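Structural description and commentary
Chain by chain, the residues run as shown.
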Amino acid sequence: MLIDLTNSDKAAMRQKTPQKAPLRSSGKIGSDIRALRRSRNWTLNDLAEQLDRSVGWLSQVERNVSEPALDDIRKIAGLFSLPVSFFFTDAAVSDEAAYIVRAGSRRIMSDAPKGLAESLLSPDLGGAFEIVHSVFAPGAACPEPFVRPTEEAGYVLEGSLVLFIDGVRFELYPGDSFHFAGEEITWINEGKTNAVLIWVIAPPVY
């Protein structure tokens, strides 16, 4: 049996079909760039030189007076080992964007060589800290110990992770949490499943 829909019926059906929001900048590119720059202790001049841009141009971008071109964003993403998509979102602009991060709108910060997939749970990098959702694949390991001028804490949601703090081995399981500040750190997932953690870092480093 064939049903002939009227034009109004067809229009109503189109309205009910969810439309994917267009890709748009996060609207906070400048604030994010400033936070990333400061996390490396770079001056405006340091970053401007690496981008082959003027300090004045970079200052305007960081103050959100102007938005960088896509080529500039690609350069910046490369400098901080981030995907270009980090600076963009599929979420529609709304009043909640400054406060809420929906599950489908997180910004991705994957590090494939380490077997680490991360997404930003904080709305932006402009605050005193950032919250990161981290997934460590089985066998994933930090290539070498690192020290960074941050205070960090975490909570294990799933799986297990071995965390080394100043060379001391700690095996972490669901429900365990940790804290460190300025110590030498490295990690490895010796388990057969993903290790899923919530990681808090102050000040932001991504």
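Scroll up to find the structure.
Procedures and definitions
Residues numbered from 1 in each chain as written. Predicted model: local features only at pLDDT ≥ 70, side-chain atom pairs only at ≥ 80, totals over all residues. Heavy atoms only, no water. Axes fitted to C-alpha atoms, helices over the stretch in contact; angles between N-to-C directions. Helix = DSSP H or I, 4+ residues; strand = E, 2+ residues; numbered from the N terminus. Parallel < 35°, antiparallel > 145°, perpendicular 65-115°, else oblique. Contact = heavy atoms within 4.5 Å. Nonpolar A, V, L, I, M, F, W, Y, C, P; charged D, E, K, R; others polar. Pairing = 2+ DSSP bridges. Buried < 20%, exposed > 50% of the residue type's maximum accessible area, 1.4 Å probe, protein only. Polar contact = N/O pair within 3.5 Å; in protein donor to acceptor, adjacent residues only side chain to side chain.

Quick notes on the packing of helix α3 (residues 44–51) against helix α4 (residues 55–62)
Interaxial distance between α3 and α4 falls to 9 Å at its minimum, and their mutual angle equals 110 degrees. On the basis of the axis angle, α3 is roughly perpendicular to α4. Only Val55, Trp57, Leu58, Ser59 and Glu62 of α4 make contact with α3, whose side of the interface consists of Leu44, Asn45, Leu47, Ala48 and Leu51. Grouping the amino acids of the contact of α3 with α4 by side-chain chemistry returns seven nonpolar, two polar and one charged.

Side note on the sheet that holds strand β9 (residues 177–181)
Spatially, the six strands line up as an open sheet ordered β3-β4-β5-β11-β6-β9, and their pairing is antiparallel. In this open sheet, the two strands that pair with only one neighbour each are β3 (107–108) and β9. Bridge count between strand β6 (residues 151–158) and strand β11 (residues 195–202): seven bridges; the pairing is antiparallel. Residue pairing across strands places Tyr155 opposite Ile198, the latter belonging to β11.

Observations regarding the sheet that holds strand β7 (residues 161–165)
The antiparallel open sheet is built from three strands, whose spatial order is β8-β7-β10. Of all strands in the sheet, those bounded by a partner on one side alone are β8 (168–172) and β10 (185–188). Each adjacent strand pair in this sheet contributes to an overall mean axis angle of 25 degrees, direction not counted. Both β7 and β8 contribute to a ladder of five bridges, which runs antiparallel. By the bridge assignment for β8, Leu161 is matched with Leu172.

Some remarks on the environment of Val101
Its location among the elements puts Val101 in the loop between β2 (88–89) and β3. Ignoring any residue separated from it by four or fewer positions in sequence, one finds Val101 in contact with Arg106, Leu120, Leu121, Ser122 and Pro123.

Considerations on the side chain of Glu152
Within the element layout of this structure, Glu152 appears in strand β6. The class of Glu152 is buried, set by a relative accessible area of 1%. Polar contacts involving the side chain of Glu152 include one to the side chain of Arg148, which spans 2.6 Å. At 2.7 Å, the side chain of Glu152 forms a polar contact with the side chain of Trp199. Every residue in contact with Glu152, bar those within four places of it in the chain, is listed here: Phe178, His179, Phe180, Trp199, Val200 and Ile201.

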